[in-house]
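Here is what each chain is made of, one letter per residue.
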Amino acid sequence: MSLVPARILIVMGVASSGKSVVGKSIARRLHAPFLDGDAYHPSSNKDKMRSGIPLTDSDRWEWLSTLATALHDAAEGKGVAIGACSALKRSYRDHLVREASEPILFVFLDGTEEVIAARMATRVHEYMPLTLLASQFATLEVPGPDENAIAIPVTLTVEQIADRAVRAVPHLKAFKRKQ
């Protein structure tokens, strides 16, 4: 399947897959704003995650809507926007696309639970303790071939992952962005 051109890219995957660092690297390459999905969670979601309580679907809808609107608005201003969001289920990805009212390219950071657990053991994340990793993998629905998504192994370097993602959106290099 060929990818649908999009001016919004969301770097997605489980906690500690590298969404934020990769998203920032892609944003630098494309001179695009970067929006970290964690910043758009309501305080009730942040409190649950800090306490080690997995979010439910009902916890996520408002957050996803807010993030999608912010990404759309950022893309309106700059011609492109990059986000980081777990987007673990297809229904979440479909919701993001509906709420943004435009195509989104999902950059799936693909890694095993063992690799991600090793990463989590070396860092502290404000909202995502290691105890929630199993629930992340239990929730994950890997993007299907009919989705506007590319999968990139997390075992590559950040630079290699960002390069692959940018190569998937050659149309964005031609955009004259408002700087």
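Above this text is the structure in question.
## Some points on the nonpolar core
If you look at the biggest cluster of nonpolar residues, it comprises 52 residues, and the most contacted ones within it are Ile26, Leu30, Ile82 and Leu96. Per-element tally for this core: the top contributor is helix α3 (residues 57–78), with eight residues. Residues in contact with Ile82, not counting those within four places in the same chain, are Leu9, Val11, Gly23, Ile26, Ala27, Leu30, Ala32, Pro33, Phe34, Leu35 and Leu71.

## Things to note about the side chain of Ser65
Tracing the backbone through its elements, the reader meets Ser65 in helix α3. At 2.8 Å, the side chain of Ser65 and the side chain of His95 are in polar contact. Residues within four places of Ser65 in sequence aside, it is in contact with His95 and Glu99.

## Digging into helix α4 (residues 90–100)
In an α-helix, one turn spans 3.6 residues, which is why side chains three or four residues apart end up on the same side. Of the residues making up α4, those classed as buried are Tyr92, Arg93, His95, Leu96 and Ala100. What you see down the axis of α4 is that its buried residues fit within an arc of 160 degrees, all on one side. At its buried positions, α4 is contacted by β1 (8–12), α3, β4 (104–110) and α6 (133–139). Residue Ser101 follows α4 closely and has a positive phi angle near 60 degrees.

## Thoughts on the packing of α3 against α4
Where α3 meets α4, the closest approach of the two axes is 8 Å, and the angle between their N-to-C directions is 40 degrees. Classed by the angle they form, the pair α3 and α4 counts as oblique. Crossing of α3 over α4 shows right-handed handedness. For the pair formed by α3 and α4, the contact residues are Asp57, Arg60, Trp61, Leu64, Ser65, Leu67, Ala68, Thr69 and His72 on the first element and Ser91, Tyr92, His95, Leu96, Glu99 and Ala100 on the second. Partitioned by chemical class, the residues of the contact of α3 with α4 number seven nonpolar, five polar and three charged.

Thresholds applied
- Residues numbered from 1 in each chain as written.
- Predicted model: local features only at pLDDT ≥ 70, side-chain atom pairs only at ≥ 80, totals over all residues.
- Heavy atoms only, no water.
- Core = buried A, V, L, I, M, F, W, Y, C linked by side-chain atoms within 4.5 Å.
- Buried < 20%, exposed > 50% of the residue type's maximum accessible area, 1.4 Å probe, protein only.
- Helix = DSSP H or I, 4+ residues; strand = E, 2+ residues; numbered from the N terminus.
- Contact = heavy atoms within 4.5 Å.
- Polar contact = N/O pair within 3.5 Å; in protein donor to acceptor, adjacent residues only side chain to side chain.
- Arc of directions from axis to C-beta.
- Axes fitted to C-alpha atoms, helices over the stretch in contact; angles between N-to-C directions.
- Parallel < 35°, antiparallel > 145°, perpendicular 65-115°, else oblique.
- Left-handed = near helix turned anticlockwise from the far one by under 90°.
- Nonpolar A, V, L, I, M, F, W, Y, C, P; charged D, E, K, R; others polar.

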